Amino acid sequence: MLRPCSLLLWQVAVSLSSHVVTASRCGGGSDIFTALRENSPMGQFISELGMTAEAGANKAERATSLRLCVSGDDAAWFYLEGRTLRLNASDPRVLDREAHGPMLIAELTCYQDNVIQTKFRILVEILNENDNRPKFVKETIHRFTVSELTAVNSVLFTVKAMDADGDMISYIIDPSSRDPQFFRIDLPNSGKIVLNKPLDYETRTQLQVLIWAQEVNTEEKFNISAVLTVNIEDGDDQYPHFLPCTPISPGDPVCVSPNYSTNISQKQQDLVLKFSPGPIRAEDGDRGLNTSLIYSILSGGDQSQFRINNRTGEIQLTRAVPLRHQEKTFTLTVMVCQEDDRLKYSVVSVLIRVLNENTFPPVFNRTTFKGFIVENLSPASIVTTYGNQVLQIKASDRDFSDGLNPNIHYSILPPSGLYQVTDGGVLIARTDRLHAFDRHKVRVVARDAESGEEVSALVDIEVLQTGQSVPHGAVAEQQMFGNVDIRLAGGIIAMILLLLLSAVVFLMLRAVKRR
């Protein structure tokens, strides 16, 4: 009994229950070896059958004499149209070399009166077309972490893209990406990304670069891109530095050490000192590592007069400074180093001033001072007081025999754009910005730089007209303005008397007319 053979149906234009061609014999055929491009359309011509059989004269002959059948694993890709073999493809089912493979293999069997007469092989090579873009291998384009100590010219990582068509791939760094200057590709086909310049965690903690993978040997030059993120891992390449950090130049991580200073009195002891511009504190230059630090006093401790906390950097005054002590200052040399590498260290100078005991605060001899300035075009003028004398605002301090504390500094609070005060307490005015009859009140603050004590006074300043004299005293000032008031009152009284006299004359004239 014959093995059943599946018949192919043509589903586009011709619908037949079976592919049957009737002829007198099956001779004249041969194996079919041909090629077909992938993505070929439905009904694409594959081959003409070489059989010499001709169609029968009537339907009965055609039904019983000759029958052709295509079988095999790939038989569904073929159908017969007469003696023509065509491609059986459709919209959802496309001939794809990458999915199916490089060959279609089937068998053509010729039956005569249901008896197999001949068999022919069908071998169709699927020709490749460039219908696929490259795709990056996901495992090669993840987020990378690289140590900042990685040497220049080292291979950081390797990217890889695959092309289903088997095309050759070349890799390119996009120069318009964010950080292309840090990377390069020496061998375009290798995908190896090389470090092009040194890394610095303190400057940049993360880099980004755009990589293109492009076909080399095709006309289309299909490509794909990927943005790679590179996290920079901190390495131990920086020394500790004291705070606050003042860079030696913008963008440079190297710091200039601050100058720490403080004041103490001879009676103070067992005291944790507070310094300016801030507490003695350092940090590891490698912020990502933040290594533990150790503090110590190298010199100037004066036989344990001062003790430092080796973990926090706090300095404690352990005992009072003797009254016979001749030195007015102590200069300590403080070192900080990494706990795990003591060869990485920094040193700083600490100035401690010994002050005389402060008993009295600075004071002004009055709460309000009077000042005058004459309007003129000069850019700056000295503010004067009564009698056109220079106004000098000086605070006195009873801790000094002459009352003059050389450590007192003067300032205007809040700061004024019209007035400034010198260290001698003299007020300077921006005369070209003042106008006659203006009146300003400024507050001058005197501060003892050693004790930090402050006192303030108000200065009442009047702007006089050009040519107007400065009053000689408070009484003369009042008299000058009092004279103005008297003259004004006299004028008003004269006007009232004139009106009364006019009214009397009017009434007298009216009485004469009635008579």
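Everything numeric in this text was worked out from a predicted model, so none of it was measured. In this numbering scheme, every chain counts its residues from 1 along its sequence in written order. This being a predicted model, a pLDDT of at least 70 is required before a residue's local features are given, and a value of 80 or more before pairs of side-chain atoms are given or counted; all residues contribute to the totals for chains, interfaces and linings. To obtain the side-chain values, all non-hydrogen atoms of the structure were included, while hydrogens and water were left out.

Numbering of helices and strands runs from the N terminus; a helix is a DSSP stretch of H or I covering at least four residues, while a strand is a stretch of E covering at least two. Counting its secondary structure elements, the protein contains 3 helices and 36 strands. The rule is simple: take the accessible area with a 1.4 Å probe, protein chains only, and divide by the maximum for that residue type; under 20% is buried, over 50% is exposed, in between is partly exposed. Across the 515 residues in the protein, those meeting the buried criterion constitute 37%. By the convention used here, residues are in contact when the closest approach between their heavy atoms is within 4.5 Å. For the protein, restricting intrachain contacts to residue pairs at least 6 apart in sequence, the fraction spanning at least 24 positions comes to 66%. Areas reported as accessible are Shrake-Rupley estimates using a 1.4 Å probe. Residue values count occlusion only from the protein chains shown. Looking at the protein as shown, the accessible area adds up to about 30000 Å², and 53% of this sits on carbon and sulfur atoms.

This part covers the state of the cysteines. Pairs of cysteine sulfur atoms within 2.5 Å are what we label disulfides. Applying the stated criterion across every chain, the model contains 1 disulfide. Between the sulfur atoms of Cys 245 and its disulfide mate Cys 255 the distance is 1.8 Å. Between Cys 245 and Cys 255 the sulfur-sulfur dihedral comes to about -80°; the bridge is accordingly left-handed. Remark: Cys 255 occurs in strand β19 (residues 255-256) and Cys 245 occurs in the loop between β17 (241-242) and β18 (246-247); sequence separation between them is 10 residues. Look at Cys 245 and you get partly exposed, because its relative accessible area is 32%. On the accessibility criterion, Cys 255 (18% relative accessible area) is buried.

Note on terminology: a nonpolar core comprises buried Ala, Val, Leu, Ile, Met, Phe, Trp, Tyr and Cys residues joined through side-chain atoms within 4.5 Å. Phe 136, Phe 157, Val 159, Tyr 171, Phe 183 and Ile 211 are the most contacted members of the largest nonpolar core, which has 25 residues in total. Among the elements of the structure, β9 (144-147), β10 (155-158), β12 (169-173), β14 (192-195), β15 (206-215) and β16 (223-233) are those that each provide at least two residues to this core. Those residues in contact with Ile 211 that sit more than four places away from it in its chain are Phe 136, Val 159, Ile 172, Ile 173, Ile 193, Ile 224, Ser 225, Ala 226 and Leu 228. The next biggest cluster of nonpolar side chains, apart from the first, holds 24 residues, and it includes Cys 26, Leu 49, Val 70 and Val 124.

With that settled, the discussion passes to the sheet that holds strand β4 (residues 78-81). In this scheme, strands are said to pair when DSSP sees at least two bridges between them. If you trace the 3 strands from one edge of the open sheet to the other, you get β2-β5-β4, paired in antiparallel fashion. Both edges of this open sheet fall to β2 (45-48) and β4, since each of them pairs with a single strand only. When the angles between neighbouring strand axes are averaged without regard to direction, this sheet yields 25°. With 4 bridges connecting them, β4 and strand β5 (residues 84-87) associate as antiparallel partners. Within β5, the residue paired with Glu 81 across the bridge is Thr 84. A fitted line through C-alpha atoms represents every axis, and for helices the fit uses only the stretch in contact; the resulting angles, taken between N-to-C directions, go from 0 to 180 degrees.

What follows is about the layout of surface pockets. By volume, the largest pocket amounts to about 430 Å³. Using a 1 Å grid laid over the protein atoms alone, points where a 1.4 Å probe fits but cannot get out form a cavity; open sets with protein on both sides within 12 Å along at least 5 of 7 lines form a pocket; any residue with an atom within 4 Å of a point counts as lining. Forming the boundary of the largest pocket are 23 residues, of which Leu 355, Asn 356, Asn 358, Glu 450 and Ser 451 lie nearest the centre. For the lining of the largest pocket, the element with the highest residue contribution is strand β20 (residues 260-265), accounting for 4 residues. Any residue outside Ala, Val, Leu, Ile, Met, Phe, Trp, Tyr, Cys, Pro, Asp, Glu, Lys and Arg is labelled polar, Gly included; the first ten of those are nonpolar and the last four are charged. Grouping the amino acids of the lining of the largest pocket by side-chain chemistry returns 7 nonpolar, 9 polar and 7 charged. Grid points are joined across faces, edges and corners, and a volume is the space filled by probe spheres set on the points.

Attention now moves to unusual backbone geometry. Cis geometry marks the peptide bond from Leu 243 to Pro 244; its omega dihedral reads 0°. For Pro 244, the position within the fold is in the loop between β17 and β18. Omega for the peptide link from Leu 413 to Pro 414 comes to -10°, which places this bond in the cis form. When you line up the elements, Pro 414 lands in the loop between β32 (408-412) and β33 (419-421). Here Asn 290, not a glycine, exhibits a phi torsion of approximately 50°, which is positive. Tracing the backbone through its elements, the reader meets Asn 290 in the loop between β22 (282-283) and β23 (293-299). Unusually for a residue other than glycine, Asn 388 sits at a positive phi of about 60°. Along the chain, Asn 388 falls in the loop between β30 (384-385) and β31 (389-390). Judged by its relative accessible area of 51%, Asn 388 falls in the exposed class.

A pair of aromatic rings is counted whenever rings of Phe, Tyr or Trp (Trp by its six-membered ring) have centres within 6.5 Å, and the orientation is called stacked for planes under 30 degrees apart, edge-to-face for over 60 and tilted otherwise. Applying the stated criterion across every chain yields a total of 5 aromatic pairs. Geometrically, the ring pair formed by Phe 144 and Phe 157 is stacked, given 3.9 Å between the ring centres and 10° between the ring planes. Linking Phe 144 in strand β9 with Phe 157 in strand β10, this pair joins segments that are 13 residues apart in sequence. Of the two residues examined, Phe 144 and Phe 157, each falls in the buried class. Between Phe 242 and Tyr 260 the ring centres are 6.2 Å apart and the planes differ by 75°, which places this aromatic pair in the edge-to-face class. Placement of the pair is Phe 242 in strand β17 and Tyr 260 in strand β20, with a sequence separation of 18 residues. You can call Phe 242 buried: its relative accessible area is 1%. Each ring is checked for a lysine NZ or an arginine CZ that lies within 6 Å of its centre and within 35 degrees of its normal; such an atom marks a charge sitting over the ring. Across from the ring centre of Phe 182, 5.0 Å away, lies the NZ or CZ of Lys 197, which sits over that ring.

This brings us to a nonpolar patch on the surface. Patches here are clusters of residues that have more than 30% relative accessible area and form no salt bridge, with a 9 Å joining cutoff for like charges and a 5 Å cutoff for nonpolar side chains (Val, Leu, Ile, Met, Phe, Trp, Tyr). When a carboxyl oxygen of Asp or Glu lies within 4 Å of a side-chain nitrogen of Lys or Arg, that pair is called a salt bridge. Judged by side-chain polarity, Ile 248, Val 254 and Val 256 come together as a nonpolar surface patch covering roughly 250 Å² of accessible area. Here Val 254 lies in the loop between β18 and β19.

Here Asp 286 lies in the loop between β22 and β23. For the buried Asp 286, no salt bridge exists, and the shortest N-O distance to an oppositely charged side chain is 6.7 Å, to Lys 344. Looking at Asp 286, its side chain comes within polar contact range of the main-chain nitrogen of Gln 238, at 3.1 Å. Once residues lying within four places of it in the same chain are set aside, the contact partners of Asp 286 are Glu 148, Glu 202, Asp 234, Gly 235, Asp 236, Asp 237 and Gln 238. Residues scored as charged are limited to Lys and Arg (positive) and Asp and Glu (negative), so that His and the chain ends carry no count. Whenever two N or O atoms come within 3.5 Å, that pair is a polar contact, provided that in protein one can donate a hydrogen and the other can accept it, and provided that, for residues adjacent in sequence, both atoms are side-chain atoms.

What pLDDT conveys is the predictor's confidence in a given residue, as a value from 0 to 100. Of all residues in the protein, 86% attain a pLDDT of 70 or more, and the chain-wide mean is 84. Contacts of residues 54-58 to residues separated by more than four positions or lying in other chains number 7 contacts, the stretch itself having pLDDT below 50. Predicted confidence for residues 478-489 stays below pLDDT 50, and this span has 1 contact to residues more than four positions away or in other chains.

This next bit is on the side chain of Thr 431. The residue Thr 431 is located in the loop between β34 (427-429) and β35 (439-448) in this model. Contacts of Thr 431, omitting those with residues within four sequence positions, involve Ile 373, Val 374, Asn 376, Ser 378, Pro 379, Ala 380 and Ser 381.

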